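Single-letter residue listing:
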Amino acid sequence: MSFWDGLWRGRAAEFESGSAASNSIELTKRHPVVSLTKQGAATGNLRINLSWRMRTSDIGGPERESLLRHPFKLFKPDVVQAHTQSMVNVDLDLGILYELTDGEKGVVQPLGNFFGALNAPPYVKLSGDDRFGSASGETIYVNLDHRESIKRLLVFVYIYDQTPAFDRTHAHVTLYPSNGPRVEISLDERAPQARSCAVVTIENVKGELIVRREVKFVYGFQAELDRLYGWGLQWGRGYKSKVGER
């Protein structure tokens, strides 16, 4: 096996399901489900993070061709030039539809300033609204010490009032349990005109917390996700506060 074969295999293995090296589980079409309970990760605060960056292939030309002609670029970090004309202003938002065991339903999201609560129903709290794709991204916390009160959650991502550009971003949603490996879901399917994506469900099934990859893109907003998953909420036009306001 050549040096290059070993190098490429190492990069591919980094995101294998249950990788000991990266302490992560990647949910894919072939392996879409993981049990937080069986992982010993069904207590404490579950941190759910959304992060994204622009695809380098849309900014600097085809990445594969560049690596073939200049293989040592593999060792250089990706750089996104903010002044590149092909850049699109993308504001991805993270949200959760929740249903509690007592029948209460609702949403936690930046739009409308529905930030939720961690130690009271719905036991889901949005920490803030990242509008610029920073390294920290957006984060929602779920208090799994109240898991008996949670029936199901739907984690979703949507583009707020901007050009649809899911196909031009590298977007990832990562679940960080208080114990055990993190769970990663990539929004890597091409959906140029989609404005929303159902990413993952977390469901209480007879006391066991089951995480299931969804990655279903829709061309509308929360109301369409609601219809798709049968939440039954009433939706109206919402707005976000200005930057710096809460």
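Scope of this entry: the structure provided in the associated data block. A quick note: this is a predicted structure, and the numbers were derived from the prediction, not measured.

Parameters at a glance
- Residues numbered from 1 in each chain as written.
- Predicted model: local features only at pLDDT ≥ 70, side-chain atom pairs only at ≥ 80, totals over all residues.
- Heavy atoms only, no water.
- Pairing = 2+ DSSP bridges.
- Helix = DSSP H or I, 4+ residues; strand = E, 2+ residues; numbered from the N terminus.
- Axes fitted to C-alpha atoms, helices over the stretch in contact; angles between N-to-C directions.
- 1 Å grid on protein atoms, 1.4 Å probe; cavity = no way out; pocket = protein on both sides within 12 Å on 5 of 7 lines; lining within 4 Å.
- Points joined across faces, edges and corners; volume = space filled by probe spheres on them.
- Nonpolar A, V, L, I, M, F, W, Y, C, P; charged D, E, K, R; others polar.
- Phe/Tyr/Trp six-rings, centres within 6.5 Å; stacked < 30°, edge-to-face > 60°.
- Lys NZ or Arg CZ within 6 Å of the ring centre and 35° of its normal.
- Salt bridge = Lys/Arg side-chain N within 4 Å of Asp/Glu carboxyl O.
- Buried < 20%, exposed > 50% of the residue type's maximum accessible area, 1.4 Å probe, protein only.
- Polar contact = N/O pair within 3.5 Å; in protein donor to acceptor, adjacent residues only side chain to side chain.

**Describing the sheet that holds strand β5 (residues 105-108)**
Stage number 1. Reading across the sheet, the 6 strands line up as β2-β13-β12-β9-β4-β5 and stay open at both edges, with antiparallel pairing between neighbours. Sheet topology places β2 (33-35) and β5 at the edges, where each strand pairs with a single neighbour. Direction aside, neighbouring strands of the sheet carry axes that sit 20° apart on average.
Stage number 2. Direction of pairing for strand β9 (residues 150-159) relative to strand β12 (residues 196-205): antiparallel, over a ladder of 7 bridges. Looking at β12, one finds that Val 157 is bridged to Cys 197.

**Describing empty space enclosed by the protein**
Any empty space left between the atoms is revealed when a probe the size of a water molecule rolls over them.
Stage number 1. Using the criterion set out here, one finds 1 cavity of 30 Å³ or more in the structure.
Stage number 2. Volume-wise, the largest cavity comes out at about 40 Å³.
Stage number 3. Around the largest cavity, the lining residues are Leu 144, Arg 147, Ile 150, Lys 151, Arg 152, Leu 153, Ile 202, Glu 203, Asn 204 and Leu 209.
Stage number 4. At the level of secondary structure, the elements contributing two or more residues to the lining of the largest cavity comprise β9 and β12.
Stage number 5. With 4 residues, β9 is the single largest residue contributor to the lining of the largest cavity.
Stage number 6. When the residues that make up the lining of the largest cavity are grouped by side-chain class, the tally is 5 nonpolar, 1 polar and 4 charged.

**Some points on the packing of aromatic side chains**
Here the distance between the centres and the angle between the planes together describe a pair of aromatic rings.
Stage number 1. This model, assessed by the stated rule, comprises 1 aromatic pair.
Stage number 2. Here Arg 47 stacks its cationic end above the ring of Tyr 176, 4.0 Å away from the centre of that ring.
Stage number 3. A cation sits over an aromatic face here: Arg 152 above Trp 231, 3.7 Å from the ring centre.

**Focus on the pattern of salt bridges**
Stage number 1. For the structure on display, the rule yields 4 salt bridges.
Stage number 2. Ionic pairing is found between Glu 99 and Arg 152, a salt bridge with its closest N-O pair at 2.6 Å. In this pair, Glu 99 sits in strand β4 (residues 92-100) while Arg 152 sits in strand β9, placing the two residues 53 residues apart along the sequence. A single burial state applies to Glu 99 and to Arg 152, both of which are buried.
Stage number 3. A salt bridge links Arg 182 to Glu 184; its shortest N-O distance comes to 2.7 Å.
Stage number 4. Each of Glu 99, Lys 151 and Arg 152 takes part in salt bridges that share partners, so that together they form one network.

**Observations regarding the side chain of Glu 138**
Stage number 1. One can find Glu 138 in strand β8 (residues 138-143).
Stage number 2. Separated by 2.9 Å, the side chain of Glu 138 and the backbone nitrogen of Leu 94 make a polar contact.

**Some words on the environment of Leu 50**
Stage number 1. Structurally, the position occupied by Leu 50 is in strand β3 (residues 45-54).
Stage number 2. Separated by 122 residues in the primary sequence, Leu 50 and His 172 have C-alpha atoms spaced 5.8 Å apart.

**Thoughts on the pairing of β9**
Stage number 1. Of all 10 residues making up β9, 9 are buried, and the element is well covered by its neighbours.
Stage number 2. Direction of pairing for β4 relative to β9: antiparallel, over a ladder of 9 bridges. The residue of β9 that forms the bridge with Gly 95 is Phe 156.

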